[in-house]
Amino acid sequence: MATVTLRGNPVDVAGTMPARGSKAPGFSLTNGELKDVGLDDFAGKRKVLNIVPSLDTPTCAVSTRKFNTEAGSLPDTVVLVVSADLPFAAKRFCSVEGLENVVPLSTFRSAGFAKDWGVALSSGPMTGLTARAVVVLDKDDTVLHAQLVPEIAEEPDYEAAKAALN
């Protein structure tokens, strides 16, 4: 079990993040059309998973906007924004914000995702949501980079994620 902070207060995180060089765990997440998708739906592409608690928070919104901007310049790469938001709410957020280079996915039908990916907040006021994390996968779903952001209210290391793709 890992620990991160929320505004300086310790929060437990259940599960173990996939390690660099390991094969990413599979998943089934729900897209804006209420269809369940998995890694196979993005086969042949490199994947950046921007895992956030909720798009309805300032830091999550900022990281999604930044990854949207960066995604356009990343060849053969898809940015998946994973949150507990309902699929239509996440889709609406991206539509209102004009974010066309990210794919919003919801954990609302996927109870095991957060623990399988080592991002399940298991204590504190946000229990049940995910911690903030970024995982970068190659075309074969091997982990190139994984960051569990130590302070939930802070942004991830965008440069490290981008560098993993070079």
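Everything here concerns the structure above.
Just so you know, these numbers come straight off a predicted model, no measurement behind them. (Residues numbered from 1 in each chain as written. Predicted model: local features only at pLDDT ≥ 70, side-chain atom pairs only at ≥ 80, totals over all residues. Heavy atoms only, no water.)

### Some details on the pattern of salt bridges
Scanning the model with the defined rule gives seven salt bridges in all. One salt bridge in this structure joins glutamate 33 and lysine 91, with 3.0 Å as the shortest N-O distance. With glutamate 33 in the loop between strand E3 (29-30) and strand E4 (36-37) and lysine 91 in helix H2 (residues 87-97), this pair connects stretches of sequence that are 58 residues apart. On the accessibility criterion, lysine 91 (39% relative accessible area) is partly exposed. Between lysine 139 and aspartate 76 there is a salt bridge, with the nearest N and O atoms lying 3.5 Å from each other. (Salt bridge = Lys/Arg side-chain N within 4 Å of Asp/Glu carboxyl O. Helix = DSSP H or I, 4+ residues; strand = E, 2+ residues; numbered from the N terminus. Buried < 20%, exposed > 50% of the residue type's maximum accessible area, 1.4 Å probe, protein only.)

### Looking at helix H1 (residues 58-71)
In this model, H1 (14 residues) spans 20 Å end to end at C-alpha, consistent with the 20 Å of a helix rising 1.5 Å per residue. Among the residues of H1, those classed as buried are Thr59, Cys60, Ala61, Ser63, Thr64, Phe67, Asn68 and Ala71. Residues of H1 that are buried make contact with strand E5 (46-51), strand E6 (77-83), H2, strand E7 (102-106), strand E9 (133-137) and helix H4 (158-164). (Expected span 1.5 Å × (residues − 1). Contact = heavy atoms within 4.5 Å.)

### Let's talk about the pairing of strand E10 (residues 143-148)
Note that E9 and E10 share five bridges and pair antiparallel. By the bridge assignment, leucine 137 is partnered in E10 with valine 143. Linking E9 to E10, which pair antiparallel, is a turn of five residues; within it aspartate 141 sits at a positive phi near 70°. (Pairing = 2+ DSSP bridges.)

### Side note on the packing of aromatic side chains
Counting across every chain of the model gives four aromatic pairs. A centroid spacing of 6.0 Å and a plane angle of 80° characterise the contact between phenylalanine 27 and phenylalanine 113, whose relative ring orientation is edge-to-face. Taken together, the residues phenylalanine 27 in the loop between strand E2 (9-14) and E3 and phenylalanine 113 in helix H3 (residues 113-116) connect sequence positions 86 residues apart. Given a relative accessible area of 13%, phenylalanine 27 falls into the buried group. (Phe/Tyr/Trp six-rings, centres within 6.5 Å; stacked < 30°, edge-to-face > 60°.)

### Some details on unusual backbone geometry
Positive phi, close to 55°, is recorded for arginine 7, a residue that is not glycine. Considering the arrangement of structural elements, one finds arginine 7 in the loop between strand E1 (2-6) and E2.

Read these as geometric descriptors, not functional statements.
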